[in-house]
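The lines below spell out each chain.
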2 protein chains.
Amino acid sequence: MRKRLRRPTHPGGILRRHYIEPLSMTVSGLAAVLGVSRKTLSEIVNEHASITPDMALRLSKAFKTTPELWLNMQRNYDLWQAAHKSDDWKLVEAVAV
Amino acid sequence: MRKRLRRPTHPGGILRRHYIEPLSMTVSGLAAVLGVSRKTLSEIVNEHASITPDMALRLSKAFKTTPELWLNMQRNYDLWQAAHKSDDWKLVEAVAV
DNA sequence: TATTAGTGTAACCCTTATGGTTACAAATGT
DNA sequence: ACATTTGTAACCATAAGGGTTACACTAATA
């Protein structure tokens with residue numbers, strides 16, 4: 001397992017650059033398609049909020065992807081953040097087998 | 001992508017049956033090793049709380065696994081719950097390409 | 001049998017997350 | 001010049017996460 005050195009891209013950034021912009025969609029328009037408020041989607045694409053399981057399901061329907069695609073990106077992002085927020089977890093010793 | 005028919009096993013159940021019990025550990029003991037409260041771990045192994053990124057890092061150190069192992073189990077569980085909690089997301093239409 | 005260790009969980013605290021509405025200033029497009 | 005789009009603040013409500021203390025219950029053991 002390679003350790004990730006740089007902060008993984010936030011899934012909101014991917015959503016914006018790889019989906020919204022290439023398709024010339026608006027944030028407002030996509031929010032309507034997804035059935036969520038404009039604020040909720042705006043915070044995601046500006047990388048201030050997370051992809052929740054419910055949002056992953058909506059995105060998977062809208063863009064014919066798997067919900068896992070979005071949740072894995074979010075997981076990688078969250079994991080990196082947790083690993084760098086504190087060093088506490090590094091003090092955990094391996095359990096003797 | 002196969003659709004999961006039954007609720008995926010909660011990672012807390014796996015932790016209890018595949019790690020704690022085979023190693024004859026106690027919940028209290030493992031909580032101490034992990035550096036979290038007994039309550040926090042107890043709620044997880046009784047499937048009343050989630051594996052957070054921080055907890056996944058601690059478990060990965062204790063049991064020499066990847067943190068992704070635990071987070072993927074949690075993701076599958078959460079995704080199944082979200083998909084069955086409401087049908088709203090099913091109303092989302094695919095975006096025209 | 002009396003005692004101890006381990007457990008599940010309630011009650012309580014505090015902090016953070018999620019998502020909605022409304023409103024407004026700034027930017028962009030026609 | 002006007003309309004659309006945007007980011008985000010302010011505000012609300014609900015839920016999640018984790019800690020402490022306390023208590024009743026179970027299981028093992030001196």
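Look above for the structure.
Residues numbered from 1 in each chain as written. Chains lettered and ligands numbered in written order. Predicted model: local features only at pLDDT ≥ 70, side-chain atom pairs only at ≥ 80, totals over all residues. Heavy atoms only, no water.

Asker: Provide a residue-level description of the overall build of chain A, including the pertinent values.
Answerer: Scanning chain A from terminus to terminus reveals 5 helices and 0 strands. For 97 residues, the compact-globule formula gives about 13 Å, and the C-alpha radius of gyration of chain A, at 16 Å, lies well above that figure. Its C-alpha atoms put chain A at 55 × 25 × 25 Å along the principal axes. Looking at chain A residue by residue over its 97 residues, the buried ones come to 43%. Taking all contacts inside chain A whose residues are at least 6 apart in sequence as the whole, residues at least 24 apart take part in 53%. Surface accessibility of chain A: about 5,700 Å² in total, with carbon and sulfur atoms responsible for 50%. (Helix = DSSP H or I, 4+ residues; strand = E, 2+ residues; numbered from the N terminus. Rg over C-alpha atoms; globule rule 2.2 N^0.38 Å. Buried < 20%, exposed > 50% of the residue type's maximum accessible area, 1.4 Å probe, protein only. Contact = heavy atoms within 4.5 Å. Areas by Shrake-Rupley, 256 points an atom, 1.4 Å probe, with all protein chains shown as cover.)

Asker: Which residues make up the interface of chain B and chain A, and what values go with them?
Answerer: Contacts between chain B and chain A engage 31 residues on the former and 31 residues on the latter. Here chain B and chain A share an interface that buries about 2,900 Å² over both sides, 75% of which is from carbon and sulfur atoms. One can count 0 salt bridges joining chain B with chain A. Along the contact surface separating chain B from chain A lie 6 residue pairs in polar contact (both at pLDDT 80 or more). Among the secondary structure elements, those contributing two or more residues to the side of chain B that touches chain A are α2 (27–34), α4 (53–63) and α5 (67–85) of chain B. With 9 residues, α5(B) is the single largest residue contributor to the side of chain B that touches chain A. Looking at the side of chain B that touches chain A residue by residue, the classes come out as 19 nonpolar, 2 polar and 10 charged. (Buried area = accessible area lost by both parts, 1.4 Å probe. Salt bridge = Lys/Arg side-chain N within 4 Å of Asp/Glu carboxyl O. Polar contact = N/O pair within 3.5 Å; in protein donor to acceptor, adjacent residues only side chain to side chain. Nonpolar A, V, L, I, M, F, W, Y, C, P; charged D, E, K, R; others polar.)

Asker: Got a sec to walk through the protein's contact with DNA strand C? Specific residues and values, please.
Answerer: In the vicinity of DNA strand C lie 15 residues, with A:S37, A:K39, A:T40, B:R16 and B:S28 positioned nearest. Protein-adjacent atoms of DNA strand C, using a 4 Å cutoff, are sugar or phosphate at a proportion of 53%. Interatomic distance of 2.7 Å between a side-chain N/O atom of A:S37 and a phosphate oxygen of DNA strand C. Side-chain polar atom of B:R38 to a base oxygen of DNA strand C: 2.9 Å apart, as the coordinates give it. The dominant element in the surface near DNA strand C, judged by the number of residues it contributes, is helix α3 (residues 38–45) of chain A, at 3 residues. Looking at side-chain class alone, the surface near DNA strand C contains 2 nonpolar, 9 polar and 4 charged residues. (Near = heavy atom within 4 Å.)

Asker: Hey, could you go over the pattern of salt bridges for me, with residue numbers and the actual values?
Answerer: Should the charged atoms of two oppositely charged side chains come close, the side chains can pair. Residues and elements named next belong to chain A. Under the criterion given, the structure shown has 4 salt bridges over all chains. Note that D87 and K90 form a salt bridge whose closest N and O atoms lie 3.4 Å from each other. Residue K90 is classed as partly exposed on the basis of its relative accessible area of 44%.

Asker: Residues and numbers for the side chain of B:N76, please.
Answerer: Looking at the secondary structure, you find B:N76 in helix α5. If we skip the residues at most four places from it in the chain, B:N76 touches B:R4 and B:P8.

Asker: Explain the packing of aromatic side chains residue by residue, including any values.
Answerer: Enumeration over the complete set of coordinates arrives at 4 aromatic pairs over all chains. Aromatic side chains B:Y19 and B:F63 sit 4.7 Å apart centroid to centroid with 45 degrees between the ring planes, which places their arrangement in the tilted category. Of this pair, B:Y19 sits in helix α1 (residues 11–20) while B:F63 is found in helix α4, placing the two residues 44 residues apart along the sequence. For the residue pair B:Y19 and B:F63, the accessibility class agrees, reading buried in each case. Between B:Y19 and B:W70 the ring centres are 5.2 Å apart and the planes differ by 55 degrees, which places this aromatic pair in the tilted class. Of the two residues, B:Y19 is situated in helix α1 and B:W70 in helix α5; the sequence distance between them amounts to 51 residues. A relative accessible area of 0% means that B:W70 is categorised as buried. Aromatic rings pair up to connect A:Y19, A:F63 and A:W70 into one cluster. (Phe/Tyr/Trp six-rings, centres within 6.5 Å; stacked < 30°, edge-to-face > 60°.)

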